[in-house]
Amino acid sequence: LEDTAADAADSPASAECEGEVSLCFSTVDDWENKVAGDHSRHGAGAVTSDNDDVDGSIGGSNLSRILPASLTQMMGTSPKITPMGGHAGMQRRGSSMTGSSAFKIMYAVVRKDCLELRMTATGATKERVGYSLIEKMEDWGDRNMLMHLTDLRVLEIGFTNVKTRDTWLFKLLHMWRPTVSAQRLAIIIVDEVTDTMIGQGKMTVFAVDKADPDKFKIKTMVALDTGGKVEIDALYTSPSRMTREIFQACDPNKLLFGTFLLWINWYSFNSGSTVAITGGGIKLASSVAITTTLSACAGGMFSMAWSAYFTGSMMVEPMATGILGGLVSICAACDVVSQWESLIIGTIGAFFSINCVELVNWMKIDDPCAAIAIHFASGLWGTISV
């Protein structure tokens, strides 16, 4: 239906994403060891029984007596965020403190190009985590989030509550992938037996945090306008990916087979237009067949060279487009041009056809068979070439 509002995140620094956070840098190996040792995805400080640390104490000591006030205020009574290192008894089960990695209280600011980390609000910047260095971003447990970096580090950030975590995660995701928008979709439920509509509803698909934002599985509940809910279990494919997957050449063999079928029948189209084999008609038909063949060959060879130069490989689709472009462009002049002229006409016709395909795709015009590129662009050039 539409892109949801608030997709753009172009402010240099956002007020709701600026403040103290609890964060921990660890290596990939340390993080994998930590995950292997946990029995649940509850992040740092996960408890395994109802009577462990439920009162906000560690080893029988109250947090306020052994931790700084700012850290105590940030942690509250939640066992989610592991405190800074320095006390042997502070490491809880499920903590992210592996080896020398420990949580620290730092001041973070979401910038347009990076996540800026400082020791204090007015202090100097200690580190900038560029969005180009982020490999994956996800929520972790109830109040934490993870950043997997390309330099083989994992950054875990803890927050005071779920709402704050979600606010930061949403902002960072859209800074990381500013071109990926959440999609608002309409759902219509139809009874296959009676072919009648049972109800309809709307849902929002958030793709920005997916490994492949163009295609992924989704499972959610959607409320219907007639009352009740339905569970949607589907494979989401973005419009751009769907266009490429549906209209691309799925089988190169079939594409080439169809192209050569057209090529063979082009002789009956061009040579057969002489409508006579006597009175010099057979000689003219033979000349037309030769110019038609040379134009198609020139278009195919040019498109293969063009594809190899710009893509690094000889693609089947440009070659088929170039062949058909050469055939279309020679139609108007096939009986009045010489053989060397037909080579030039086919080459230029292929140039127009393969570049018009790119233009049509850029303009987002639905033309899966490249009819505009082949028949309009190449045909127009063929008419001019007469």
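Up top is the structure these notes are about.
Undergrad: Just checking my understanding: could you explain the overall build of the protein chain for this structure?
TA: For the protein chain, the count of helices and strands is 10 helices and 14 strands. By the burial criterion, 41% of the 386 residues in the protein chain qualify as buried. Put simply, 58% of the contacts in the protein chain that link residues at least 6 apart link residues at least 24 apart. Of the roughly 21,400 Å² that the protein chain leaves accessible, carbon and sulfur atoms contribute 58%.

Undergrad: In this structure, what is going on with a nonpolar patch on the surface? I would like to understand it.
TA: On the surface, a cluster of nonpolar side chains totalling about 850 Å² of accessible area is made up of Leu359, Trp362, Met363, Ile365, Ile372, Phe376, Leu380 and Ile384. Looking at the nonpolar patch, the elements that each hand over two or more residues are helix H9 (339–362) and helix H10 (371–385). With four residues, H10 is the largest single contributor of residues to the nonpolar patch. Inspection of the secondary structure puts isoleucine 372 in helix H10.

Undergrad: Can you walk me through the sheet that holds strand E8 (residues 134–140) in this structure?
TA: The pairing of strands in a sheet happens through backbone hydrogen bonds and is either parallel or antiparallel. Taken together, seven strands build an open sheet; the order of strands is E7-E6-E5-E2-E10-E9-E8 and the sheet is antiparallel. Each end of this open sheet is capped by a strand with a single partner; those strands are strand E7 (125–130) and E8. Direction aside, the axes of adjacent strands within the sheet are offset by 30° on average. With five bridges connecting them, strand E9 (residues 144–149) and strand E10 (residues 153–158) associate as antiparallel partners. Counterpart to leucine 146 in the pairing with E10 is glutamate 156. Together, strand E2 (18–27), strand E5 (104–110), strand E6 (114–118), E8 and E9 form the strand contacts of helix H4 (residues 162–176), whose direction differs from that of E8 by roughly 160°.

Undergrad: Just checking my understanding: could you explain the pattern of salt bridges for this structure?
TA: Side-chain pairing between opposite charges can occur once the charged atoms of the two side chains come close. For the structure on display, the rule yields seven salt bridges. One salt bridge in this structure joins arginine 118 and glutamate 116, with 2.7 Å as the shortest N-O distance. Taking relative accessible area as the criterion, glutamate 116 reaches 7% and is therefore assigned buried. For arginine 153, the salt bridge is made with glutamate 127, and the minimal N-O distance between the two is 2.6 Å. In this pair, arginine 153 sits in strand E10 while glutamate 127 sits in strand E7, placing the two residues 26 residues apart along the sequence. Because the salt bridges share partners, they merge into one network encompassing Arg111, Glu116, Arg118 and Arg128.

Undergrad: How do you make sense of the pairing of strand E13 (residues 215–223) when you look at a structure like this?
TA: Remember that side chains alternate between the two faces of the sheet whenever the strand is regular. Pairing of E13 with strand E14 (residues 229–237) involves nine bridges; the strand directions are antiparallel. The residue of E14 that forms the bridge with isoleucine 218 is alanine 234. Between E13 and E14, which follow one another and run antiparallel, lie five residues, and glycine 227 among them has a positive phi close to 105°.

Undergrad: Where do I start with unusual backbone geometry in this structure?
TA: Peptide bonds are, in most cases, trans, and in most cases residues other than glycine have a negative phi. A positive phi angle is found at leucine 152, which is not glycine, with a value near 65°. Mapped onto the elements of the fold, leucine 152 is located in the loop between E9 and E10. For leucine 152, a relative accessible area of 60% gives the class exposed. Phi is positive for alanine 370, close to 55°, though the residue is something other than glycine. Tracing the backbone shows alanine 370 in the loop between H9 and H10. Among the residues examined, alanine 370 registers a relative accessible area of 13% and is labelled buried.

Undergrad: Please clarify how the packing of aromatic side chains should be interpreted in this entry.
TA: To describe a pair of aromatic rings, you give the distance between the ring centres and the angle between the ring planes. Under the counting rule described, the total for this entry stands at 11 aromatic pairs. Judged by centre distance (4.5 Å) and plane angle (40°), the rings of tryptophan 306 and phenylalanine 310 are tilted. In this pair, tryptophan 306 and phenylalanine 310 are both assigned in helix H7 (residues 281–311), four residues apart and thus about one turn of the helix distant. Centre to centre, the rings of tryptophan 306 and phenylalanine 351 are 5.6 Å apart; their planes meet at 80°, and the pair counts as edge-to-face. Separated by 45 residues along the polypeptide, tryptophan 306 in helix H7 and phenylalanine 351 in helix H9 bring together distant segments of the chain. Three or more aromatic residues joined by ring pairs form one cluster here, namely Phe302, Trp306, Tyr309, Phe310, Phe351, Phe352 and Trp381.

Undergrad: What exactly am I supposed to notice about the side chain of threonine 274 here?
TA: As for its placement among the helices and strands, threonine 274 is situated in the loop between helix H6 (252–270) and H7. Within the structure, threonine 274 has its side chain in polar contact with the backbone oxygen of serine 271 (distance 2.8 Å). Apart from the residues within four sequence positions on either side, threonine 274 is in contact with Gly281, Leu284 and Ala285.

How each quantity is defined
Residues numbered from 1 in each chain as written. Predicted model: local features only at pLDDT ≥ 70, side-chain atom pairs only at ≥ 80, totals over all residues. Heavy atoms only, no water. Helix = DSSP H or I, 4+ residues; strand = E, 2+ residues; numbered from the N terminus. Buried < 20%, exposed > 50% of the residue type's maximum accessible area, 1.4 Å probe, protein only. Contact = heavy atoms within 4.5 Å. Areas by Shrake-Rupley, 256 points an atom, 1.4 Å probe, with all protein chains shown as cover. Patch = residues over 30% accessible without salt bridge, like charges linked within 9 Å, V, L, I, M, F, W, Y side chains within 5 Å. Salt bridge = Lys/Arg side-chain N within 4 Å of Asp/Glu carboxyl O. Pairing = 2+ DSSP bridges. Axes fitted to C-alpha atoms, helices over the stretch in contact; angles between N-to-C directions. Phe/Tyr/Trp six-rings, centres within 6.5 Å; stacked < 30°, edge-to-face > 60°. Polar contact = N/O pair within 3.5 Å; in protein donor to acceptor, adjacent residues only side chain to side chain.

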